[in-house]
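# A look at the structure
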2 protein chains.
Amino acid sequence: MRCDVIAVGTELLLGQIVDTNSAWLGEQLAASGIDSLIQIKVGDNVGRIVTQLRSVLASADAVIMCGGLGPTHDDLTRDAIAEVMGVELVHDESVAETIAAMFAARGRQMSANNLRQAQVPVGASIIAQTRGTAPGLICPVQIDGVDKVIFAVPGVPHELYDMFHRAVLPELLRRNGDPSVIASRLLRTWGESESGLNERLDAIIEELDAVGNPTLAFLASGWEGIKVRLTAKAATREAAEQLVAPWEEKIRAILGEQVFGTDTDTMESVVLEMMRAQGLCLGLAESVTGGLVAARLTAIPGASDVLRGSIVSYASEVKCDLLGVAPGPVVSEKAALEMAEGARMRLGADIGMALTGVAGPTEQDQMPVGTLCVAISGPDGSLTRTLRLPGQREQMRQFSVISSLDLLRGYLRDRSVE
Amino acid sequence: MRCDVIAVGTELLLGQIVDTNSAWLGEQLAASGIDSLIQIKVGDNVGRIVTQLRSVLASADAVIMCGGLGPTHDDLTRDAIAEVMGVELVHDESVAETIAAMFAARGRQMSANNLRQAQVPVGASIIAQTRGTAPGLICPVQIDGVDKVIFAVPGVPHELYDMFHRAVLPELLRRNGDPSVIASRLLRTWGESESGLNERLDAIIEELDAVGNPTLAFLASGWEGIKVRLTAKAATREAAEQLVAPWEEKIRAILGEQVFGTDTDTMESVVLEMMRAQGLCLGLAESVTGGLVAARLTAIPGASDVLRGSIVSYASEVKCDLLGVAPGPVVSEKAALEMAEGARMRLGADIGMALTGVAGPTEQDQMPVGTLCVAISGPDGSLTRTLRLPGQREQMRQFSVISSLDLLRGYLRDRSVE
């Protein structure tokens, strides 16, 4: 089955907004075994939207249109779909009532414009809105005697994500003559390249190829690590999950601690959760990352349970005065350890972690760009490491965050085992 | 003139990489008065690339193809272009020599694959490579008797940016029968909405509409502020710049200090430069932003001249113990000022700046989500402000960074005036 994507909006063509929706949809469709072969951006022009819609529907079985469902005269997705379907747009009173009720609940007046969002092509069915005011649409259409379908969903990412999983994907699978549901499991890994993982999982990949269900895919996500995704189809969600489970176990047996989490876990959330479970709090000392480790940890609600704070010691004197680092080269394991101990004491934390290194553009203390020294100091002793990370400045700093948190994960794991 | 964009690569359709190139190209083309009406993503399949190329060339005068110029069998842009041009691919010895020389300079062996990159459609001309091994291509083509052009550039962003400005845009302008060159000036603003700016610049926009050259556009960039762009065309770069200059002056006269920088300036770079010029150094105390202000300042090479460090005091005890904040509500101007003074002293800085607030998801100290208290303490006295910022957690934190740096900019400006 083939489902293409059309993102609608002049702002996308002008580069004011980057279209991330179609990439997200492509990833979701691929995980469900559906091809997405052409993805198009088109502006707010009904003639051009119609042309592109006809063009993709000539080959694709389905198309998902994102955006252009708002209340203004620029929002033309409904009009274009009606034209391609060869039908009128009619007022849907139940949609109008829902929109009016949403405005009333927020204590705001609904403008007449908003009733545009209650216009529905004849023959289309509604995907109920959850958060925004625009409902989605499922629009069956015959192209050269073949039954196809146009989906229209809002361009606002969280509304799109919700409608895709709730209504679009089930309808695609139903049309695919496939009553099955999908279950997938994402294993988050850190510490090995994609080709390295591929090699280690070689036998499993071969077995899976023979079985055909579940399927396995690697998703390389830069400084977020590499994701290994298992996707299974079955009659029920439970059955699909049961198909995935033994393979997850086999993969975990091979990759061991390289799997740091699953699904929506991040390295930050995993480390915070381990600290919380062990009843420990963390103090940081950051030089090369300039506050990025603390900023990423505190992006997660509830981080204050665990993170006492961070001393960003960018100037060498701050390292000495505030953290008690002895004079000498600051890009060294010795300095990192002194920083970690200083942070632990100064911030009243159970565990101190420190990062010092060279982000570039030039070397420092005769250490090349990409050098990272990490130290962890805690009640069960300390740990220091020197790593060589790839990339210039921003990339190197981001790799420093995940690499250091992964070391902390190891420290906490060893501690809990003892 | 109309120039569409085709981004080539199966990884784009699978959502492994988000196509940011076409958005960037759309922005550049719009700034030069060239329409980009359709932008397409297509996978590594020569038949489908050819179909899409023919489809856009039916209406567009030009098309820029990004990606698919690498050395492997998946890189099919050259083949597709040759098919649409109706010509053969031939080996270009000068390109081959350049590639061989690049490998030699890096002390690496060139594999036979790499010679694919020396294949050129008959009639095409070369855009010399600067950094990568793939040259770009300018490929004239007749479609229904009309002269059109296909450009091929690498998908690696910095190579694409370079080739676009060096070769693609000049060729588009030449074909447009327009020997003029473009000069543009970006005024970075903070502190007013797009509609507010629009209203204040109303008379100027009307004048510019009448004149037609330069043109003015607003680019809303979220927590980076709103950019006002003036773009002029003239026979020489100098003449174009002279056309822009008086309008920039008029706009600055109206917007005053809301213009914080130009072109590649950021709020971070502007504030660092003002501090540097005044010979001052900065110490931060961050609570709500959790290190984000320091992380963003230190993303800029050379920030160590100015930034001593940051004390991320996430736990209330750290605010008291390390920064000397008196007991009481921590989301208050009083606490912010004590934090700023503590940071200034502890970090040995000339100026201390502190941020405390509520990022959510829940309120704190009876203050609603979005509350930000900022304080600045320096040799010429102190300043405190309470702001209400939009958005949940991440958005609120990012708005906090630019809002607080803008306050610091005001503090430094007033200081230098005295």
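Remember, predicted model here, so these are calculated numbers, not experimental data.

### Some words on the overall build of chain A
Counting its secondary structure elements, chain A contains 14 helices and 17 strands. Each of the 418 residues in chain A was classed as buried or not, and the buried ones make up 45%.

### Some remarks on the sheet that holds strand 14 (residues 307-313) of chain A
Pairing between sheet strands relies on hydrogen bonds along the backbone, with the strands arranged either parallel or antiparallel. Ordered by their spatial adjacency, ten strands build an open sheet running 17(A)-16(A)-15(A)-13(A)-14(A)-14(B)-13(B)-15(B)-16(B)-17(B), and the pairing between neighbours is mixed. Two strands in the sheet have a free side with no partner beyond their single neighbour: strand 17 (381-388) of chain A together with strand 17 (381-388) of chain B. Ignoring which end each strand starts from, the neighbouring axes of this sheet average 10° apart. With eight bridges joining them, strand 16 (residues 371-378) of chain A and strand 17 of chain A adopt antiparallel strand pairing. Residue pairing in the sheet places Ile376(A) in a bridge with Leu383(A) of strand 17 of chain A.

### Considerations on the environment of Ile300(B)
Residues and elements named next belong to chain B. Within the element layout of this structure, Ile300 appears in the loop between helix 11 (292-297) and strand 14 (307-313). Take Ile300: there are 18 C-beta atoms within 10 Å of it, and that puts it in the partly exposed class. Sequence separation between Ile300 and Thr266 is 34 residues, and the spatial gap between their C-alpha atoms is 9.9 Å. If near-sequence neighbours (up to four positions away) are discounted, Ile300 is found in contact with Glu268, Ser269 and Leu272.

### A word on the packing of helix 3 (residues 46-57) of chain A against helix 4 (residues 77-85) of chain A
Residue and element names in this part refer to chain A. Here helix 3 crosses helix 4 at 50°, and the two axes come no closer than 9 Å. By the angle between their directions, the pair helix 3 and helix 4 is classed as oblique. Our pair here, helix 3 against helix 4, has a crossing hand that is right-handed. From helix 3, Val46, Ile49, Val50, Leu53 and Arg54 reach across to helix 4, where they touch Thr77, Asp79, Ala80, Glu83 and Val84. Of the residues contributing to the contact of helix 3 with helix 4, the split by class is six nonpolar, one polar and three charged.

### Some words on the domain arrangement of chain A
Residues and elements named next belong to chain A. Domain assignment breaks chain A into domain 1 (3-175), domain 2 (181-262) and domain 3 (267-417). Here the C-alpha centroids of domain 2 and domain 3 sit 31 Å apart. Across the side of domain 2 that touches domain 3, the residue classes tally to three nonpolar, three polar and one charged.

### Topic: the relation of the copies chain A and chain B
With an RMSD of 0.2 Å, the fit of chain A onto chain B corresponds to turning through 180° and sliding 0.1 Å along the axis. Both copies of the chain, as the preceding transformation shows, are related through a two-fold rotation axis.

Reading guide: rules and limits
- Residues numbered from 1 in each chain as written.
- Chains lettered and ligands numbered in written order.
- Predicted model: local features only at pLDDT ≥ 70, side-chain atom pairs only at ≥ 80, totals over all residues.
- Helix = DSSP H or I, 4+ residues; strand = E, 2+ residues; numbered from the N terminus.
- Buried ≥ 20, exposed ≤ 12 C-beta atoms within 10 Å, placed from the backbone.
- Pairing = 2+ DSSP bridges.
- Axes fitted to C-alpha atoms, helices over the stretch in contact; angles between N-to-C directions.
- Contact = placed C-beta atoms within 7 Å.
- Parallel < 35°, antiparallel > 145°, perpendicular 65-115°, else oblique.
- Left-handed = near helix turned anticlockwise from the far one by under 90°.
- Nonpolar A, V, L, I, M, F, W, Y, C, P; charged D, E, K, R; others polar.
- Domains from an automatic or database assignment.
- Least-squares fit on C-alpha atoms with pLDDT ≥ 70 in both.

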